[in-house]
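Here are the chains, one letter per residue:
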Amino acid sequence: MKVALRIQRFNPDTDKSPHFEDYTVESELTDRILDAILQVKGLTDGTLTLRKSCAHGVCGSDGMRINGRNALACRELIMNHKQPIVIEPMKGFSIIKDLVVDMEPFFNKYKSVKPYLINDEAAPAKERPQSEKDRMKFEDTTKCILCACCTTSCPTYWADSDFVGPAALVAAHRFIFDSRDRAGEERLDIVGEKEGAWKCRTIFNCTDACPRGIQVTQAIGEIKRKEIFG
Amino acid sequence: MSASTMGSGPNMGSGTDLTPKVHRFEAIVVGGGGAGLYAALALSKEKVQTAVLSKLYPSRSHTGAAQGGIGAALANVEDDNPEWHMYDTVKGSDFLADQDAVELMCNEAVETVYELEHLGLPFNRTADGKIDQRKFGGHTKDHGKGPVKRACFSADRTGHMILQTLYQQCIKNEVDFFDEFHVMDLILKDGVCRGVVAYEINNGSLHIFHAKAVLFATGGSGRMFKITSNAHALTGDGMAVALRRGVPLEDMEFFQFHPTGIYKMGILLSEACRGEGGIIRNGKGERFMERYAPTIKDLAPRDIVSRCIHQEVLEGRGVNGKDYVHLDLTHLGAEVIEKKLPDISDFVRTYMGIDPVKDLIPIQPTAHYAMGGIPANKDSEVVGDENNTVVKGFYAAGECACVSVHGANRLGTNSLVDILVFGRRAGLSMAKYCRSNDFAALPANADEEVKAQIDRLRSNSGEERTLTLRSDLQASMTDNCGVYRTEGTLKKALSDIAVFKSRFSKLHVSDRSQVFNTDLLDAMELCNLIDLARVTVEAALARQESRGAHYREDFQKRDDAKWLKHSLASLSNGKVDLKYKPVVMGKFPLQERKY
Ligand SMILES: Cc1cc2nc3c(=O)[nH]c(=O)nc-3n(C[C@H](O)[C@H](O)[C@H](O)COP(=O)(O)OP(=O)(O)OC[C@H]3O[C@@H](n4cnc5c(N)ncnc54)[C@H](O)[C@@H]3O)c2cc1C
Ligand code: FES
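Participant: How would you sum up the domain arrangement of chain B? Please name residues and give values.
Facilitator: Residues and elements named next belong to chain B. If you check the domain split of chain B, you get domain 1 (21-65 + 160-255 + 369-436), domain 2 (70-108 + 122-157), domain 3 (267-365) and domain 4 (448-552). Here the C-alpha centre of domain 3 lies 22 Å away from the C-alpha centre of domain 2. Among the residues domain 2 hides against domain 3, the three largest losses belong to R134, F136 and D156. Together they make up 40% of the total. Remark: the boundary between domain 2 and domain 3 carries 2 salt bridges.

The following block contains the structure:
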C-alpha cells in the first residue's frame, strides 16, 4: 500500500538551510520505517542520505526524529505511525547531509568519562568472580548502543552543548557500578563537574527515547546519589 | 585522534579529488568488528603504530548483533574439556575443517574467554560467581553423548558486550581510528602487501595508507541473499578486494543458513532459544527434529535443522501450507524468556507484534554465515595458493577469513571464538612481522584503480538502479544457491549473474556530491556482491557432493574419495579458475555424521 513520508533534506553543496520534501512509496504496513526510507532512496531519489546497518535495532546507526520523537528507523513499524511520517535528523548535532549528523562531538563526550574497565591488579588465572546481584547493579546500562537518541532528545543538551549528555553518563554508570572496576572515584570526579550529572534536570526525555529501554534518568540519579553518599 | 581531525575540511567540489592524502602506519587493520578490534588491541599492547579503518563506526559492526554466546570448555557448570569441543567442531564441519587449526582454536578459546572477562565483559554468572554457560547446537559431551553447557553468554547480547568491551579497551589504549573510511583496494605488488586505498565517506577524498602489514577483518557477505540475518553493511568488501587482487577465495560454496530467522525478515532468533529449551514445530504441531536427530533433536547443527525445515515444508507440513514453521518458547515460562532471552523477545514483539511467552513464532531459514573467505593460516597470514604460499604483509581474520576452522558448517558460538582467537593471533604475528621488516616501497599511482572505478560509476549514463539490481541478485541467489542446490539451479544462477554483471555497467549513480555519497558506496558494494556470488556459484556447481551447508539434490551423499578438499576460486578476466588443496586431518577419523 501507499505510504506517505515527509523527509527533511539538506545538501551542503547547494542548500543554505534544510527543507522538507514529500514522498510516497509502496510498502507493507508491517515494514520498518527504514525500509520505506530505503525505498525512497532506491527508487525515487538516490541522493537521499542516511546511516544504517543492522536493520534490527542493535547497531545504533539510524537514530532520527520520527514524528517528533527520537527513534531508530529500523525499530519502528509503519503501522504504528501517523502519516505522513515526518522524518528529521537528530537535533543538537550539526547536519552533514540530509539525515546524517556529525557524531564526533558525541563520541568525544563518551570517551571523556573513561568508558572502559580500569583494574590494574594482577588478573587471576580464571575469571574474576562477580555475583549476579553485583552484575545486576549495572546490567541495564551495559545495553547502550551509542545511537545518541537520548542525548539529542535532551533539552538541557540543546541549550548547552558542553553538557556531557545522558549517553556519556550511562557509560560512566556502567563502570562506576561494576564491582570489578577500580576507578570509580576518578569517574565520579569527571561526571561531578559542572557539565556532568548535576546538569540533568530529570526531564525524562532520554528515558522515553532510549530504543534499548535503558532507565537513563534513573541511572543518572544513581550517579548523583553516589556523588553525595559515596 | 579521530578521523575528522586528520583530514582537511570537507571537499565541496564535484570531481574526484586528484591528490590522495598519504598516511604511514606500521600496521593497518581494516574493520572494527570483534576480529579487527582484538587485533588492534594486541598490536597496541605490542606498541606497534596501528590504525583501524572502518566504514562503520566500530561500535556499529555486526559483531554487536551476535546473541547467543561464545563457546569455550570452561567446565563451569558441568564436565567439559577442549578435546570434546574439537570433536564437535570437526564433526559439525562435516570433516572439512583443518584439524590442527581447530585444536588450536578450542584450546585458546578458554584463555580468550577469561581474558575477555578481565577486560570487563559482563558475563552472566553462576550462583558461585563464575561465568555461566548454556547449551548450543552441535555442542556435546564426550563425543556426542548428549548436549553440553559450553556457551558463555551475556544474556542474548554476547556479541554486543564483546564489541563494546573491545572498543572500550582500544579507546583506553589510544588506538587510532579512522571511522567511516571505506577501504576500496589493497596495494599488493610482487607478492608483498604495502597498504590500502580508502575513501573518506565524509568528504569523498581518497587516502593511501602505506603500511608494513595489513589485516582484513571486514566480516561476512550475507547481503548476497534475500532473507538474511546480516547487516546492510555485510557486502563482503574485503573478500572481493582480495579476489580482484589475485588472492583466491577458499570454500565459498559453503554458506550457512540458520534455521531460526523471523519469517520474511530474516532477523535472527539465536540458537540460544533452543539452548534454553525451545522447540521447533511443524504445521501439525509436531516436534519433527525428533525424527531426524533422535539424540540431540532441536539442538542438531544448523545445516541439518535448516534442511529438515525445508523438508517439512516440501512435504506439506509447513504452517498453513506456507513455507515456514514455528519456534515454540511458550513452555519456558516468562522468567527464563525475560532473563535469558530479553532482546530476542523484544524483536519478536517489535517486528511481529506477538508475545513469545504465549505465542508460537513463525520462522524460516535465513542466510547467516560465510564459512569460506580469504585463505589464512593459523597465524592469520593470508596464503595465496594451493601450496599455502604466504602473501607477505597481508593478514585476514574473522568472518572474511577461512582458516579453516568451520569447514562445511560452523557450529553456533564458534564464530565469536574464531574472530577473537585469530584476531589476536593476527595482531601478534603482525607485530612480529613489523619488527623485522621495513616498509616496502609504495608503487606510483597506487590509487589508480580506485579512481578509475569511481569515475566509471560517476560518469555512467545508464538507467539501472542499485536497489533493483541488488534485489534481483539476492532473489536469484536465494532461489538457486540456497539450502538446496542442483546443477540446474546453479546454472540458472550463473546465467543470471552474467546478466547482472552487464546490467551493472549501466548502473546509474545519481548522487554526484563528494559529501557522504552513499549512493556511490552502495554501487561499489553491489559490485563486490556480484563478484562473490559468481565464485560462490561456480564453486558450488563444481562440488558434486553434499557436505555440511552445501547440499546438492543431485549428489546427496558426502564423497570423501573425491571431495575431501578445500576449493580455491580465483577470478581473472571474467573467468573463474578452481583449484583445490587438501584438508588437514588429525585425531578425528572420518565418520558418518549422525546426531
Ligand atoms: C544476528 C547474528 C547473531 C550471531 N550470533 C552469534 C553467536 O551467538 N555466536 C557466534 O559465535 N557467532 C554469532 N554470529 C556470527 C558472528 O557474530 C560474526 O561472524 C562475527 O561477529 C563477525 O565478526 P568480524 O569481526 O569478522 O566482522 P564484523 O563484526 O562484521 O565487522 C566487520 C567490520 O569491517 C568493516 N568493514 C567492512 N567492509 C569495509 C570496508 N570496505 N572498508 C572499511 N571497513 C570495512 C565494518 O565497518 C566492520 O567494522 C552471529 C551473527 C549474526 C548475524
Ligand atoms: S540500522 Fe542498526 S540500529 Fe537501526
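Participant: Got a sec to walk through the packing of aromatic side chains? Specific residues and values, please.
Facilitator: Each aromatic ring pair is described using two quantities: the centre-to-centre distance and the angle formed by the ring planes. Scanning all chains against the criterion turns up 20 aromatic pairs over all chains. When the ring of B:F25 is compared with that of B:F178, the centres are 5.8 Å apart and the planes differ by 80°; the resulting orientation is edge-to-face. In this pair, B:F25 sits in strand 1 (residues 21-30) while B:F178 sits in strand 6 (residues 176-179), placing the two residues 153 residues apart along the sequence. Taking relative accessible area as the criterion, B:F25 reaches 6% and is therefore assigned buried. In textbook terms, an aromatic cluster arises when at least three aromatic residues are bridged by ring pairs, as seen for A:F93, A:F106, A:F107, A:Y157 and B:Y57.

Participant: Please set out the interface of chain A and chain B residue by residue, giving values where relevant.
Facilitator: Interface size is often expressed as the accessible area that is lost when the parts come together. Opposite the 63 residues of chain A that make contact, chain B presents 57 residues. Summed over both sides, the interface of chain A with chain B buries roughly 5400 Å², with 50% coming from carbon and sulfur. Counting across the interface, chain A meets chain B through 7 salt bridges. Between A:K52 and B:D522 there is a salt bridge whose closest N-O contact spans 4.0 Å. At the boundary of chain A with chain B, the tally comes to 35 residue pairs in polar contact (both at pLDDT 80 or more). Among the elements of the structure, helix 1 (33-44), strand 6 (95-97), helix 2 (104-112), helix 3 (132-136) and helix 5 (165-176) of chain A are those that each provide at least two residues to the side of chain A that touches chain B.

Participant: Talk me through the site of ligand 1; I want residue IDs and the actual numbers.
Facilitator: All names here are of chain B. Neighbouring residues of ligand 1: 39 residues in total, closest S61, T63, E399, S415 and L416. For ligand 1, the protein covers 98% of the area, taking 1000 Å² as the surface of the free molecule. Secondary-structure elements contributing two or more residues to the shell around ligand 1 are helix 2 (34-45), strand 2 (50-54), strand 7 (181-189), strand 14 (361-370) and helix 12 (414-436).

Participant: Got a sec to walk through unusual backbone geometry? Specific residues and values, please.
Facilitator: Note that the residue after A:Q83, namely A:P84, is joined by a cis bond; omega there is -5°. Positionally, A:P84 belongs in the loop between strand 4 (69-72) and strand 5 (85-88). Across the junction of B:V403 and B:S404, the peptide omega takes the value 0°, indicating a cis bond. In this structure, B:S404 sits in the loop between strand 18 (401-402) and helix 12. Residues other than glycine seldom take positive phi values, yet B:N445 does so here, at roughly 50°. Summarising the element assignment, B:N445 is placed in the loop between helix 12 and helix 13 (448-459).

The rules behind these values
- Note on numbering: residues in each chain are counted from 1, in written sequence order.
- Chain labels run from A onward and ligand labels from 1 onward, assigned in the order the entries are written.
- In view of the model being predicted, local features appear only for residues whose pLDDT reaches at least 70, and side-chain atom pairs are presented and counted only at 80 or more, with totals across whole chains, interfaces and linings using the full set of residues.
- Neither water nor hydrogens contribute to the side-chain values; these are computed over all heavy atoms in the structure.
- These domain limits were set by an automatic method or by a database of domain assignments.
- Summed over both partners, buried area is the accessible surface (1.4 Å probe) that two parts give up on being assembled.
- What makes a salt bridge here is a side-chain nitrogen of Lys or Arg within 4 Å of a carboxyl oxygen of Asp or Glu, nothing more.
- Each aromatic pair joins two rings of Phe, Tyr and Trp (for Trp, the six-membered one) with centres within 6.5 Å, and gets the label stacked for planes under 30 degrees apart, edge-to-face for over 60, and tilted for any other angle.
- Helix and strand labels come from DSSP, where a helix needs a run of H or I of at least four residues and a strand needs a run of E of at least two; each type is numbered from the N terminus.
- Burial classes follow relative accessibility: with a 1.4 Å probe on protein chains only, a residue under 20% of its type's maximum area counts as buried, one over 50% as exposed, and anything between as partly exposed.
- Every residue pair with non-hydrogen atoms within 4.5 Å of one another is taken to be in contact.
- Whenever a nitrogen or oxygen atom comes within 3.5 Å of another N or O atom, the pair is scored as a polar contact, on the condition that within protein one atom can donate a hydrogen and the other can accept it, and that pairs from neighbouring residues in sequence are kept only if both atoms are in side chains.
- For this description, a residue counts as near a given molecule or strand if any of its non-hydrogen atoms is within 4 Å of it.
- The Shrake-Rupley method, run with a 1.4 Å probe, gives the accessible areas here. Residue values count only the displayed protein chains as cover.

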